[in-house]
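Each chain, letter by letter, is given below.
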Amino acid sequence: MEYIEKIKEILGKEASYYLDHTCKKIPADRIKILGPGPTESFINSDRNIPTIRSLAQLYNHGNLGGTGYLNILPIDQGIEHSAAFSFYKNQDYFDPENIIKLAIEAGCNGVASTFGVLGLHARKYAHKIPFVVKINHNELLTYPNKYDQIPYGTVKEAWNMGAVAIGATIYFGSKESNRQIIEIAEAFEEAHQLGMGTILWCYTRNSSFKTGDEDYHSAADLTGQANHLGVTIKADVIKQKLPETNFGFRDINFGKYNEEMYESLTTDHPIDLCRLQVANCYMGKIGLINSGGGSKGESDVKEAIRTAVINKRAGGAGLIMGRKAFQRPLKEGVEILNSVQQVYLEDEITLA
């Protein structure tokens, strides 16, 4: 069976809804599809040659190497979600070396994790797979929990362990966001000076973004604006959750909005909502990678395929998926990562 037929089988009766959709609000000819490497977007930018080389290492590695797409394995959940909660389903990943081994076995472009995870095994693996060091994290032992991300190390430390890029999170909309924006903008500039790429986890966090009727943390307009702020501080890649709704500015009644804005830019189709996220990444010149979300068991493969199809057809640059892969045996984790990669390798899945 050709893989496109397998994808249709997995998507079932929703296959045509995702595979045959055409974006009419922001048409395909406006979107910049990244080429086989990152140099086309950055060749005339202020990124120095070592930075472009580092980005090329990331884009040219693994099963998607040379396609312009990324599949990164991110495992920093031991801090962000607590180690016990993250790894009780598969105790192998309390041992950080298994995180790197999974990324290599699955042919990922790179592995994103903490200073501790990557630093402990840097000499053994930094030359075998590109490292993305996550430099800041939430901290779950503060009670009550708060929406903050704090640095756990320095950019120079990441450079010393041979990382090709740093990753960071900003909680846009939180009361700490002003400090985080300044902090990460400065870190990204230092990373570029040292010749490393930059990846920003662009998350929205504010208790007012969740109302009695709707959770707007994943609204296309709010996440799209978070993306736009992310590329403004020179993120080379944006990581964002797949949009699940819209009208955050309107329904919460803040920011700048009008009805014509929504009508002219998007519909409620998932690919159109994701296309708005891509548009906010300079029309795709800065790659958008969507997250795979949590593991729900048997539906994980279908959800991963669906997310990859939406991202690719919207004009995104790939998927960054962790829990669906590492919260299961190694063989199954490799298989689900490979299934996502096949979506990006399938020529019949085109820009909507």
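Further up the page is the structure itself.
Rules used in this analysis
Residues numbered from 1 in each chain as written. Predicted model: local features only at pLDDT ≥ 70, side-chain atom pairs only at ≥ 80, totals over all residues. Heavy atoms only, no water. Pairing = 2+ DSSP bridges. Helix = DSSP H or I, 4+ residues; strand = E, 2+ residues; numbered from the N terminus. Axes fitted to C-alpha atoms, helices over the stretch in contact; angles between N-to-C directions. Disulfide = S-S within 2.5 Å. Contact = heavy atoms within 4.5 Å. Buried < 20%, exposed > 50% of the residue type's maximum accessible area, 1.4 Å probe, protein only. Parallel < 35°, antiparallel > 145°, perpendicular 65-115°, else oblique. Left-handed = near helix turned anticlockwise from the far one by under 90°. Nonpolar A, V, L, I, M, F, W, Y, C, P; charged D, E, K, R; others polar. Salt bridge = Lys/Arg side-chain N within 4 Å of Asp/Glu carboxyl O. Polar contact = N/O pair within 3.5 Å; in protein donor to acceptor, adjacent residues only side chain to side chain. Core = buried A, V, L, I, M, F, W, Y, C linked by side-chain atoms within 4.5 Å. Arc of directions from axis to C-beta. Phe/Tyr/Trp six-rings, centres within 6.5 Å; stacked < 30°, edge-to-face > 60°. Lys NZ or Arg CZ within 6 Å of the ring centre and 35° of its normal.

Enquirer: Before we move on, could you go through the sheet that holds strand E7 (residues 197-204) and cite the residues and values that matter?
Expert: What the eight strands build is a closed barrel, ordered E1-E2-E3-E6-E7-E8-E9-E10; its pairing is parallel. Ignoring which end each strand starts from, the neighbouring axes of this sheet average 25 degrees apart. With four bridges joining them, strand E8 (residues 237-240) and strand E9 (residues 287-291) adopt parallel strand pairing. Within the sheet, the bridge partner assigned to Val237 lies in E9 and is Gly287.

Enquirer: Requested: an account of the state of the cysteines, with residues and values cited.
Expert: By definition, a disulfide links the sulfur atoms of two cysteine residues through a covalent bond. If you walk through the whole model with that rule in mind, you get zero disulfides. We note that Cys202 lacks a disulfide partner, and the nearest cysteine sulfur, in Cys281, lies 7.3 Å from it.

Enquirer: If you had to explain the environment of Tyr69 to someone new, which residues and values would you point to?
Expert: With respect to the helices, strands and loops of the structure, Tyr69 is situated in the loop between helix H4 (49-59) and strand E1 (70-74). The sequence separation of Tyr69 and Gly318 amounts to 249 residues, and the corresponding C-alpha distance is 5.1 Å. Leave out the neighbours within four places in its chain, and Tyr69 touches Tyr59, Leu64, Asn109, Lys312, Gly316, Ala317, Gly318 and Tyr344.

Enquirer: Account for helix H6 (residues 97-105), naming residues and giving values.
Expert: Each α-helix winds once per 3.6 residues, and so residues spaced three or four apart point in a common direction. Regarding H6, the residues found buried are Glu97, Ile99, Ile100, Leu102 and Ala103. Trailing H6 by a residue or two, Gly107 shows a phi angle of about 70 degrees, which is positive.

Enquirer: So what's going on with the packing of helix H11 (residues 220-232) against helix H14 (residues 270-279)? Which residues, and what values?
Expert: Two numbers describe a pair of packed helices, the interaxial angle and the distance between the axes. Between H11 and H14, whose axes approach to 8 Å, the crossing angle comes to 25 degrees. Taken together, the axes of H11 and H14 are roughly parallel relative to one another. Once H11 is placed against H14, the crossing between them reads as right-handed. Together, Ala220, Asp221, Thr223, Gly224 and Asn227 of H11 and Leu273, Leu276 and Gln277 of H14 make up the contact between the two elements. A breakdown of the residues in the contact of H11 with H14 according to their chemical character gives three nonpolar, four polar and one charged.

Enquirer: Explain the pattern of salt bridges to me, and be specific about the residues and the numbers.
Expert: Following the criterion strictly, the structure yields 17 salt bridges and no others. A salt bridge links Lys25 to Glu263, with the shortest nitrogen-to-oxygen separation between them at 3.1 Å. Remark: Glu263 occurs in helix H13 (residues 259-265) and Lys25 occurs in the loop between helix H2 (15-19) and helix H3 (39-42); sequence separation between them is 238 residues. We classify Glu263 as exposed; its relative accessible area is 52%. For the salt bridge of Glu332 with Arg328, the shortest nitrogen-to-oxygen distance reads 3.6 Å. Given the relative accessible area of 38%, Glu332 is considered partly exposed. The network of salt bridges with shared partners includes Asp46, Arg47, Glu189, Lys234 and Asp236.

Enquirer: Lay out the side chain of Glu80 with the relevant residues and their values.
Expert: Within the fold, Glu80 resides in helix H5 (residues 77-87). Among the polar contacts listed, one links the side chain of Glu80 to the backbone nitrogen of Asn138, at a separation of 3.2 Å. Side chain to side chain, Glu80 and Gln149 meet in a polar contact 3.3 Å long. For Glu80, the residues in contact, after removing those within four places along its chain, are Lys134, Asn136, His137, Asn138, Leu140, Gln149 and Tyr171.

Enquirer: Requested: an account of the nonpolar core, with residues and values cited.
Expert: Judged by nonpolar contacts, the single largest core of 84 residues is most densely connected at Phe131, Ile166, Leu200, Ile238 and Leu337. Non-local contacts of Phe131, meaning those with residues more than four positions away in its chain, are made with Ile100, Val111, Leu118, His121, Ala122, Tyr125, Ala126, Met161, Ala163, Val164 and Ala165. Leu34, Leu58, Val164 and Ala165 belong to the second largest nonpolar core, which has 17 residues in total.

Enquirer: Now, about helix H1 (residues 3-11): what can you tell me, with residues and values included?
Expert: For H1, the full list of buried residues reads Tyr3, Ile4, Ile7 and Leu11. For H1, the arc enclosing every buried residue in end-on projection is 105 degrees, short of the 170-degree limit, so these residues lie on one face.

Enquirer: Please provide a residue-by-residue account of the environment of Gln341, values included.
Expert: Mapped onto the elements, Gln341 comes out in helix H17 (residues 330-345). With 121 residues separating them in the primary sequence, Gln341 and Ala220 have C-alpha atoms 25 Å apart. Leaving out residues up to four positions away in the same chain, Gln341 has contacts with Asn63, Leu64, Asn71, Ala106, Gly107 and Cys108.

Enquirer: Any chance you could break down the side chain of Asn90 for me, citing the residues and the numbers?
Expert: Structurally, Asn90 is set in the loop between H5 and H6. Among the residues examined, Asn90 registers a relative accessible area of 9% and is labelled buried. At 2.6 Å, the side chain of Asn90 forms a polar contact with the backbone oxygen of Arg328. Setting aside anything within four residues of it in sequence, one finds Asn90 in contact with Phe326, Gln327, Arg328 and Pro329.

Enquirer: I'd like to hear about the packing of aromatic side chains, residue by residue, with values.
Expert: A complete count under the given rule lists nine aromatic pairs for this structure. Between Phe87 and Phe94, the ring centres sit 5.3 Å apart and the planes meet at 75 degrees, which makes this aromatic pair edge-to-face. Accessibility expressed as a relative area gives 6% for Phe87, which makes it buried. Taken together, the ring pairs connect Phe87, Tyr93, Phe94 and Phe326 into an aromatic cluster. Cation over ring: Lys134 sits above Trp201, and NZ or CZ is 5.2 Å from the ring centre. Geometry around Phe247 places Arg250 over its ring, the cationic atom sitting 4.0 Å from the centre.

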